[in-house]
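As a plain string of letters, each chain reads:
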Amino acid sequence: MRCPRCDAKVSDTAVQCTFCGQDLSVVHYVWRVSNAYYNRGLERAGVRDLSGAAEILKKSLQYNKRNTNARNLLGLIYYEMGETVVALSEWVLSKYLQPEDNAADYYISTLQSDPTSLEATNQTIKKYNAALMSAQARNEDLAIIQLKKVVSLNPRFVRAQQLLALLYIKTEDYPRAAKCLNRARKIDFNNTTTLRYMQEVGDQVAAMERRANAAAKNPSKPKKDPLSNVTPVGTYKEEKRSMMPVVYVILGIIFGIVVSFVLIRPTFLKQMGGSGSELADANSKIAVQTTRISTLEKEKESLDSEVERLREEQKKGNTEALKKVENYERLLAGVNYYVADDLVQAAVSVSKCKKTDFDSSEAKDIYTKIATVQEEKITALVRQGRSEMNSSYDTAIATFKKVLSVDKDNQEAMFYMGRCYQRKNKNKTAKKWYEKAIEVDGTSTFATQAQQYLGQVGGTSTAAPTTEP
């Protein structure tokens, strides 16, 4: 245990700091409260109340952020709910707080040793993000198809099951929504979102049953008997044969021929005369159809471009998840260098990161502490590079690059980078570094010397070079 006042190491059972005399009873109280919350979270996790356990474990970490047991359990809960990236973040931070004898080592190595599982996790994240965007764009059918793929890759992804159930509720497919919610509840028994959706499904099903019962009890109109208008057939009596039907048929044929010549034929001839206007109408309809086809083709191209954009955003979501893991790994490497008192190399390890790349306040504080290098360290490193120029230009270049990674505007390192490349007969690269040194401060001694050496490497020089520094 460390004293909160002087940061000295003291015994875990000490009630007073032996160095500064600070009363440690409050620290022990905070530890007891944190452990009490951890025990409550463990009990809830044991009965699969995962969301409730996560909330309690967060309170435990608020009291004692170094409670690695609570942090590891929180990571396991996130992993069980399908939140692999968040779980990995908790384990990496736990490993930093307790480098030795930490169960987080086993969890991280188990994940990294299974590339197939990592690839499935990446695909799950991509497809869930794509489904979420489709749902927000009110494209429920596409979102449902994508979420089915997500839950097939990771059946324990609670948020995907909940989103799929919500889409089924919106499309009024309540039986399927109930199945999704039941699967989610088997993973997290007391999740409030799942319970709220289940209540909504139950209310809708009950309302449908009430409407059906009301319709059955109070029919609007009685059904009409389909045989009510049927009259009974009289007694059969065979009639005598007659020639009148044949006469009627012959007269009908003669009458039809007369009508054809008198009425139909003139009308037909008149219509034949107007065939030109009908042809124009047909051409007009064809033109309309052609325009409609062209419009549909343009809409298809627009949809294709939108699909391509969504695919790019999916790739971007996947890349961001992997980048977050890489940033935490760089931070962990920087911590190891910092503990080994190699402050410059620690700053180099996190030089590709930014403070905003980390979510938790603890990680941001660690990054700020590691990324800041004292001016004396940088000056000593530049002096080391100048000394290495006498034996190996490549070694000196590597040292100056290390300086620039933690102090990108170090004019002295830029100037000596140019000198190293000039002596290696790489005048183009040397010119670039001389120009960069001049851009930092054109009035300094190094800028004046860099301007003089530009004449030797093909740049614009204003004076002859002076004695080499």
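You'll find the structure just up there.
Residues numbered from 1 in each chain as written. Predicted model: local features only at pLDDT ≥ 70, side-chain atom pairs only at ≥ 80, totals over all residues. Heavy atoms only, no water.

## Brief notes about the packing of aromatic side chains
- One pass over the full model with this rule turns up 12 aromatic pairs.
- Taking the centre distance of 5.7 Å and the plane angle of 55 degrees together, the rings of F415 and F446 count as tilted. Of this pair, F415 sits in helix α17 (residues 411–423) while F446 sits in helix α19 (residues 445–454), placing them 31 residues apart in sequence.
- Assessed through its relative accessible area of 22%, F446 is described here as partly exposed.
- Connected via pairs of aromatic rings, a cluster forms that spans F400, F415, Y416, Y434, F446 and Y453.
- Cation over ring: R185 sits above F189, and NZ or CZ is 4.2 Å from the ring centre.
- A cation over a ring is seen here: K436 above W433, with NZ or CZ 4.5 Å from the ring centre. (Phe/Tyr/Trp six-rings, centres within 6.5 Å; stacked < 30°, edge-to-face > 60°. Helix = DSSP H or I, 4+ residues; strand = E, 2+ residues; numbered from the N terminus. Buried < 20%, exposed > 50% of the residue type's maximum accessible area, 1.4 Å probe, protein only. Lys NZ or Arg CZ within 6 Å of the ring centre and 35° of its normal.)

## Things to note about the packing of helix α3 (residues 68–80) against helix α4 (residues 84–97)
- Contact geometry for α3 and α4: axes closest at 7 Å, N-to-C directions at 165 degrees. One way to sum up the angle between α3 and α4 is to call them roughly antiparallel. Viewed along their axes, α3 and α4 form a crossing whose handedness is left-handed. Contacts between α3 and α4 involve T68, R71, N72, L74, G75, L76, Y78 and Y79 from the first element and T84, V86, A87, E90, W91, L93, S94 and L97 from the second.
- Split by residue class, the contact of α3 with α4 holds nine nonpolar, five polar and two charged. (Axes fitted to C-alpha atoms, helices over the stretch in contact; angles between N-to-C directions. Parallel < 35°, antiparallel > 145°, perpendicular 65-115°, else oblique. Left-handed = near helix turned anticlockwise from the far one by under 90°. Contact = heavy atoms within 4.5 Å. Nonpolar A, V, L, I, M, F, W, Y, C, P; charged D, E, K, R; others polar.)

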